[in-house]
Amino acid sequence: MSGTDAVIQIEGLTKRYGEFTALDGLSMQVGQGQILGFIGPNGAGKTTTIKILVGLLKATSGRASIAGANCLTESRKIKKLVGYMPDDFGKYNNMRVSEYLDFFGAVYGISRQPRRKRVDEVLEIAGATYMKDLYVDALSRGMQQRVALARTMMHDPEVLILDEPANGLDPQARIDMRTLLLRLSEMGKTLIVTSHILPELARVCDVVAMITQGKLRAFGTVDSIMREIQQRRTFEIQLLDRASVEVGATDVRDWLNGKVDEEKGGAGTADAAPAEQMVRFNTSLSDEAIAPLLAHLVNRGLPISQFREVPTDLEDAFLHVANEPGVGQDAVIDGEKAS
Amino acid sequence: MNPVIRREFIGILRSPRAFGMLVCLTIVFSLAVLMRWPSDASVDLSGVQSLQVFRVFGYGLMAGVIFLVPAFPATSLVNEKNSGTLALLLNSPMNGASIYLGKISGVLLFSVLVLFCSLPASAACFAMGGIGDHKFLLLYLVLGLLTLQYTTLGMLVSSYVQSSDSAVRITYAAVFALLFLTLLPDVFFRGTGVGGVVAADVGQWIRGFSPLPAVMEVLGQSDMGSLGLKTLPGVTRFVLLALVSSGAFAAWTISRLNHRIFDQSRSKGRITNEMDGTSRLLRRLIFIVDPNRRKGGIPWFLNPVMVKEFRCRRFGRAQWLLRLVSVCAVTSMVLTYMAATGITSWGVETIGALLVLLQVLLVVVLAPSLGSGLISGERDSGGWELLRMTPISSFRLVIGKLMSVVWTLLLVLMATLPGYVMMVMIAPELSLQVQQVLVCLLWTSVYALSVSAAVGSLFKSTAVSTSVTYVIVIGVFLLPLLIWLGRDAPFGFDTVQTALLLNPVGAALSVIEAPGFESYELLPLSWWIAGGVSGLMFVLLGVQVWRLSRAV
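All values derive from a computational prediction rather than experimental measurement.

(A) Region of interest: the overall build of chain A. In terms of helices and strands, chain A carries twelve helices and 17 strands. Structurally, chain A occupies a C-alpha span of about 80 × 45 × 35 Å along its principal axes. The burial tally for chain A puts 47% of its 339 residues in the buried class. For chain A, long-range pairs separated by at least 24 residues make up 70% of all intrachain contacts whose partners lie at least 6 apart in sequence.

See below:
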């Protein structure tokens, strides 16, 4: 993506509180209509980044812009361009949902007639039309999330920043939320979504940014990041009897030792899991290189019922990035480049 | 030891708020006695000097208990409920009574500490001689029971409400109702013959709920003579009523401490527009401004923040305001009519003083209730962050919030205008005085609002801001009147005049020539002081809002 296509551009964003560095030279770009999954452990710097983007915090150094407006100096423009849904709902007691949305519409300067229409529209988009006359303080968590999303859309912003939108939602509501995010993306909205429910995020995000200790660790599409991270893939060989497990593990080990990966050293390791009647091994070999192993084992007379690769997901990739000591302090896995 | 007592008591003791409170109280009590300590070497055998000190000490201690004690029990159960720990306690082998006992004991132990803080001052007072030890014991007995009554009342309120700030508001309103409103029936019925002997007796019993007559009796300012010897002494009446009411409040609260306390289904949100024609008509007649009617949206000429403030206050909604205004208007008219037709022997001045006090009471109760949570309420609920994300300027935001309180107070003040109009009709020579009184009341409202809004904005939690604001506002308005009570002895004319300048209420009472206030010259200095302090408070509020809204 070229710099001109990008709706959100962040360059070398740093935020320090005295000695503590909350954000350390963060750089990334998000294009129009894309959904960015912004993930990281608690205290990684996600909320700090978001607050700088929406103009609630000032960065110590670096640049951030949304649709050409500087997040650090043009907060009025930013407020019109961005809809921010914080983790905290921000309820007002004794107000009905329609009054609540009407208030936020008025604060954004939408005049009375269009505001009425807009309240109905956003409630419809958020699937919350039936909540119109309910009291805000009587809503359940899932209902509050929908109303919060409707509130975020009241002034029809170009960019939506949603902090943990799936938090506290039941499975059906999560599916609805996922559909809703995709619908917003189709409407041309650019979204930044944070969530700890990574499988959910993987299903909707176009790009993912992983952040730990204030530093960007990985950025790119989910597939590209996983390809880059998955230096070693895990395979499982399911056997029909328990007695063959040790033999099978030894055979796999010997076979792998016979192959030398020139780039990464050893070709892999194998373990026996007798209780599961399974041999599990990981390897850095390509599909072509690994294909003869199955034939080799069958020829050896092992009773194989399944030979499969264990699929990894965003959660594994995240854990790899967050915990892997191999990911250097300043290294960034650029999935986009890799792909 | 009941684990709840330990947790509650230690929890309160560990809070910096409680520690600061105890230290301040000890200093204030000691200073009060020190200020009135005789400077000459002669010995006063009559005990007059020690009685003066004892009165200052007694009223001060009562004020301390009234201001400080209710805040802790008021938030006790509702905080537990909101944080989810009450459900855990109810799920444990402890029953409702032991949970209640644990919680109330913790709060009472702290309240006993408040009373203990006064012991050095009390000992110094006793050392001056002339006051029997039974007087001290009686004072502590009355204040101890007062603490028990307010604690049980606070916990009862706490078991009903949904948020800690509404718990504080309702508890303080109930405390002031018990303190002052209970005195009114007796004032009304005594000597007028209205309602006969039964009404007078009922009036006296209702008066017994207030600790004021009992404390006045202990401090040697009893009105026994006027009541006659056959009547029960104020202390005995208060002790009986405080014990009975505390027991009733406690039993009521314990009966609520079970799983049913969480039995509150979500509101269906049914609105008037969806009801049948008869119901709609009926509601229109009852409410005039029906809160459940679907709103048409905020018009362009109104500040949306102001409208929001009105809408999200249960008590602030139009139908409540109309009720309050009607009550004020009727009360002021009745009072003035009574003076005009000679039902009572009160003069126009007394009626004027009553009107002023009625308005001041309303302002002092309403202003902190509405003003203290203007900023802290937003910060507490997470709304502040949302408002910061909108293009609305901090100035417009503050103006909207302040105006929502200004309109309410203005309506309440205007509601008593018919009473003043009647007063001017009865005595046209009072016209200028009435105008000056109205200006004083206007300043009183501005003063109370500015202090409430500024002090409230300093805190993040609504419950804390409400409690602190109530203590400060009531302190500012009640302290000069307490000092006035001790006019001539122990306080001199100049001290009382200086104290009355602290707020415009004294000026209003002196202008209307209320009994006891005639000799003080407080205008126009009182207005300047009120204006200056209000200005400072608004600046403080502005600075705090600017500090909270900027990106750092």
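(B) Quick peek at the overall build of chain B. Of the regular secondary structure elements, chain B holds 27 helices and zero strands. Taking all 552 residues of chain B together, 43% fall into the buried category. A sequence separation of at least 24 residues applies to 78% of the contacts in chain B between residues at least 6 apart.

(C) Molecular detail of the interface of chain B and chain A. At the junction of the two partners, chain B supplies 27 residues and chain A supplies 36 residues. Tallying contributions element by element places helix H20 (residues 383-388) of chain B first for the side of chain B that touches chain A, with four residues. Of the residues that constitute the side of chain B that touches chain A, the class distribution is twelve nonpolar, seven polar and eight charged.

(D) Summary view of the environment of Leu485(B). Among the secondary structure elements, Leu485(B) is positioned in helix H24 (residues 462-485). It is 33 Å that separates the C-alpha atoms of Leu485(B) and Val539(B), two residues lying 54 residues apart in sequence.

(E) A look at the environment of Tyr447(B). All names here are of chain B. Locating tyrosine 447 in the fold gives a position in helix H23 (residues 431-456). When the C-alpha positions of tyrosine 447 and glycine 532 are compared, they lie 9.4 Å apart, and in sequence the two are 85 residues distant. Residues contacting tyrosine 447, with those up to four places away along its chain left out, are Asn503, Pro504, Ala530, Val533 and Ser534.

(F) Structural view of the packing of helix H16 (residues 304-311) of chain B against helix H21 (residues 394-415) of chain B. Residues and elements named next belong to chain B. Two elements in contact, H16 and H21, have axes separated by 7 Å at closest approach and are oriented at 40°. Here H16 lies oblique to H21, going by the angle between them. As H16 packs across H21, the resulting crossing turns out to be right-handed. In contact with Pro304, Val305, Met306, Glu309 and Phe310 of H16, H21 contributes Leu397, Gly400, Lys401, Met403 and Ser404. Classifying every residue of the contact of H16 with H21 gives six nonpolar, two polar and two charged.

(G) Representation of the packing of helix H12 (residues 211-218) of chain B against helix H14 (residues 234-256) of chain B in the model. Residue and element names in this part refer to chain B. Contact pair H12 / H14: the axes reach a minimum separation of 8 Å and the direction vectors enclose 140°. By the angle between their directions, the pair H12 and H14 is classed as oblique. Where H12 crosses over H14, the two elements pack in a sense that is left-handed. Facing Pro211, Pro213, Ala214, Glu217 and Val218 of H12, the residues of H14 in contact are Gly234, Val235 and Phe238. Residues of the contact of H12 with H14, tallied by class, amount to six nonpolar, one polar and one charged.

(H) Summary view of the pairing of strand S14 (residues 268-273) of chain A. All names here are of chain A. Only one face of S14 is covered, namely the face carrying Gly268, Ala270 and Ala272; the face carrying Thr269, Asp271 and Ala273 is uncovered. The sheet contact formed by S14 and strand S15 (residues 278-283) spans six bridges and is antiparallel. Looking across to S15, one finds that aspartate 271 is bridged to arginine 280. Counting the residues in the hairpin turn of S14 and S15 gives four residues, including glutamine 277, whose phi is positive at 55°.

(I) Quick look at the sheet that holds strand S11 (residues 233-239) of chain A. Residue and element names in this part refer to chain A. With antiparallel pairing, the four strands of this open sheet are ordered in space as S14-S15-S11-S16. Edge positions in the sheet fall to S14 and strand S16 (304-309), since each of these pairs with one other strand and no more. Averaged over all pairs of adjacent strands, the angle between their axes in this sheet comes to 15°, without regard to strand direction. For S11 and S15, the ladder comprises six bridges, and the chain directions are antiparallel. Within S15, the position partnered with glutamine 238 by the bridge is methionine 278. Relative to the sheet, helix H9 (residues 244-258) contacts S11, S14 and S15, its axis offset from that of S14 by approximately 180°.

(J) Layout of H21(B). Given a rise of 1.5 Å per residue, 22 residues ought to cover 32 Å, and the 32 Å separating the end C-alpha atoms of H21(B) matches this to within 8%. Within H21(B), burial applies to Leu397(B), Val398(B), Gly400(B), Lys401(B), Leu402(B), Ser404(B), Val405(B), Thr408(B), Leu409(B), Val412(B) and Ala415(B).

(K) Representation of unusual backbone geometry. Following Leu523(B), the chain continues to Pro524(B) via a peptide bond in cis, the omega torsion being 5°. With respect to the secondary-structure elements, Pro524(B) resides in the loop between helix H26 (504-511) and helix H27 (525-549). A positive phi angle is found at Asp156(A), which is not glycine, with a value near 50°. Mapping Asp156(A) onto the fold places it in the loop between helix H5 (141-153) and strand S7 (159-163). Assessed through the 14 C-beta atoms surrounding it within 10 Å, Asp156(A) is described here as partly exposed.

(L) The arrangement of the sheet that holds strand S1 (residues 6-17) of chain A in detail. Residues and elements named next belong to chain A. The antiparallel open sheet is built from four strands, whose spatial order is S2-S1-S4-S5. Each edge of the sheet is formed by a strand with only one pairing partner; in this case those strands are strand S2 (20-31) and strand S5 (69-70). In this structure, S1 lies alongside strand S4 (residues 61-66), joined through five bridges in antiparallel fashion. By the bridge assignment for S4, isoleucine 10 is matched with alanine 64.

(M) Molecular detail of the domain arrangement of chain B. Residues and elements named next belong to chain B. Split by domain assignment, chain B resolves into domain 1 (3-36 + 47-180 + 239-258) and domain 2 (299-549). Distance between the C-alpha centres of domain 1 and domain 2: 27 Å. Every contact between the two is made by 19 residues of domain 1 and, on the other side, 18 residues of domain 2. Elements represented by at least two residues in the side of domain 1 that touches domain 2 include exactly helix H3 (48-68), helix H4 (71-83) and helix H9 (164-179). In terms of residues, the side of domain 1 that touches domain 2 owes the most to one element, H3, which gives eight residues.

(N) Quick peek at the nonpolar core. Formed by 226 residues in total, the largest nonpolar core has its most connected members in Leu36(A), Ile161(A), Ala209(A), Val142(B), Ala367(B) and Ala508(B). Sort the elements by how many residues they give to this core and H23(B) lands first, with 13 residues. Setting aside residues no more than four positions away along its own chain, Ala508(B) makes contact with Val356(B), Val437(B), Cys440(B) and Leu441(B). Ranked by size, the runner-up nonpolar core spans 16 residues in total, among them Leu239(A), Val252(A), Val279(A) and Phe281(A).

(O) A look at the domain arrangement of chain A. Assigned domains of chain A: these are domain 1 (6-88 + 157-221) and domain 2 (231-309). The straight-line distance from the C-alpha centre of domain 1 of chain A to that of domain 2 of chain A is 41 Å.

(P) View of the pairing of strand S9 (residues 207-212) of chain A. Residues and elements named next belong to chain A. Most of S9 sits inside the fold, with six of its six residues counted as buried. Covered by surrounding structure in S9 are Val207, Ala209 and Ile211 together with Val208, Met210 and Thr212, the residues of both alternating faces. Examined bridge by bridge, strand S3 (residues 35-39) and S9 share four bridges and lie parallel to one another. Counterpart to glycine 37 in the pairing with S9 is valine 208.

(Q) Structural view of the confidence of the model for chain B. Residue and element names in this part refer to chain B. Looking at chain B as a whole, the pLDDT averages 81, with 86% of positions reaching at least 70. In the predicted structure, residues 224-229 sits below a pLDDT of 50 and forms one contact with residues beyond four places in sequence or in another chain. Here the predicted complex scores 0.74 on pTM and 0.75 on ipTM.

Reading the values: rules and limits
- Residues numbered from 1 in each chain as written.
- Chains lettered and ligands numbered in written order.
- Predicted model: local features only at pLDDT ≥ 70, side-chain atom pairs only at ≥ 80, totals over all residues.
- Helix = DSSP H or I, 4+ residues; strand = E, 2+ residues; numbered from the N terminus.
- Buried ≥ 20, exposed ≤ 12 C-beta atoms within 10 Å, placed from the backbone.
- Contact = placed C-beta atoms within 7 Å.
- Nonpolar A, V, L, I, M, F, W, Y, C, P; charged D, E, K, R; others polar.
- Axes fitted to C-alpha atoms, helices over the stretch in contact; angles between N-to-C directions.
- Parallel < 35°, antiparallel > 145°, perpendicular 65-115°, else oblique.
- Left-handed = near helix turned anticlockwise from the far one by under 90°.
- Pairing = 2+ DSSP bridges.
- Expected span 1.5 Å × (residues − 1).
- Domains from an automatic or database assignment.
- Core = buried A, V, L, I, M, F, W, Y, C linked by C-beta atoms within 7 Å.
- pLDDT = per-residue confidence, 0-100.

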